[in-house]
Amino acid sequence: MKAKMKDGSKADIKAIWFENGKVRMIDQRELPLELVIVDFDDYRDVAEAIRNMTTRGAPCIGASAAYAMCLAGLKDEDLDEAAKFIKAARPTAYDLFYATDWMYAKLKAGADPIEAADEYSNITVDKCRAIGKFGGELIKDGMTLMTHCNAGALATVDVGTALAPMRQAHDDGKEFFVYASETRPRLQGMQLTAWELNQEDIDHAIIPDGSAAYYMSKGVDMIIVGADRIAANGDFANKIGTFDKAIVAKHFGIPFYVAAPVSTFDFNTGSGKDIVIEQRSETEMTEVKGIRIAPIGSKAMNPAFDVTPAEFVTGFITEKGIFKPSEISRMKE
Ligand code: MRU
């Protein structure tokens, strides 16, 4: 992804990579104010970085897990213990489990840890490029789009899922406009999606979460979001607030697409009711940068995701093409 550096130059940077014996990643908690790179040489610290959302977004959580397993492999740690520890970092994003198992199998088969983790990461980016090609064709000149949370390069190592079709359409010279909903409480839409759209010079505006119905009533041509886990029947978990948008989109007849690699599909989970929804700390709701903004004594609830039933999905944009919910099983072929 493009990133403006402090000296004004533009660098090409990934959300996570391996360099000089360390896993290096963008600290996504510091954007958009600062581009901070942090590094780790212990798999436990990478797992903690997943938990505290230094690194985040389903496919990037997957790549982070792959690099955590890489560190475990390099240090001859107990791989079963490492895999268990890494998988406990967050419960919802399926890529975390998929990537940890993928790396476990590679390491057990004697693969070089760095080569294997780099391979996983590169495959993730290649899939995003393919998602961009398929999804880019849906975007026409003059369209108004909406997205939620951050499903861009930061969330996927590079390129993005929901943002990949937008990047592709922009590269193809199409003109369009994007509403990025702020995404309370951690503001991934305002701080990360808007940062990425800015770096790419894609025309956009940040909107309050609660204004999505208002803007849809004024005219939105298509909504594209990412996903953290997609069940076998097409129900999917994504950032809290996605379900609201899907309901309103249906009300106005607006096509609602979910962009995700096949690694986000959990074919062992039959429906959305079996997806575990992460409950995060109350302080993410009640505090801003460590300052309490809610009354002392009020409880807060902070579910990180919701589940949108398959009936609200127009199509899943994957690296294998675009599938209706009823066509998902074809993906396994
Ligand atoms: O809690 P987060 O920031 O990890 O949640 C991220 C999302 O919900 C994204 O929309 C999803 O992971 C898709 S990322 C390409």
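Reference entry: report on the structure contained in this document. Treat the numbers as computed from the prediction; the structure is a model and nothing was measured.

## Topic: the pairing of strand β17 (residues 315–318)
Then, number 1: Along β17, one buried face is formed by Gly315 and Ile317 and the opposite face, lined by Phe316 and Thr318, is buried too.
Then, number 2: In this structure, strand β12 (residues 256–259) lies alongside β17, joined through 3 bridges in parallel fashion. Looking at the pairing, Ala259 lines up with Ile317 of β17.
Then, number 3: Connecting the antiparallel pair β17 and strand β18 (residues 321–323) is a turn made up of 2 residues.

## Brief notes about the nonpolar core
Then, number 1: In this structure, Ile86, Met103, Met166 and Phe176 are the most contacted members of the largest nonpolar core, which totals 71 residues.
Then, number 2: Residue contributions to this core peak at 12 residues, all from helix α2 (residues 58–74).
Then, number 3: Apart from the residues lying within four places of it in its own chain, the contact partners of Ile86 are Tyr43, Ala47, Ala65, Ala68, Met69, Leu96 and Thr100.
Then, number 4: Grouped together as the second largest cluster of nonpolar side chains are 26 residues, Met216, Val225, Phe312 and Phe323 included.

## Section: the packing of aromatic side chains
Then, number 1: Scanning the entire structure with this criterion turns up 11 aromatic pairs.
Then, number 2: Their ring planes at 40 degrees and their centres at 6.5 Å tell us that Phe236 and Phe256 sit as a pair that is tilted. Remark: Phe256 occurs in strand β12 and Phe236 occurs in strand β11 (residues 236–239); sequence separation between them is 20 residues. Of the two residues examined, Phe236 and Phe256, each falls in the buried class.
Then, number 3: Taking 5.5 Å as the distance between ring centres and 70 degrees as the angle between the ring planes, the aromatic pair formed by Phe265 and Phe316 counts as edge-to-face.

The rules behind each value
- Residues numbered from 1 in each chain as written.
- Predicted model: local features only at pLDDT ≥ 70, side-chain atom pairs only at ≥ 80, totals over all residues.
- Heavy atoms only, no water.
- Buried < 20%, exposed > 50% of the residue type's maximum accessible area, 1.4 Å probe, protein only.
- Helix = DSSP H or I, 4+ residues; strand = E, 2+ residues; numbered from the N terminus.
- Pairing = 2+ DSSP bridges.
- Core = buried A, V, L, I, M, F, W, Y, C linked by side-chain atoms within 4.5 Å.
- Contact = heavy atoms within 4.5 Å.
- Phe/Tyr/Trp six-rings, centres within 6.5 Å; stacked < 30°, edge-to-face > 60°.

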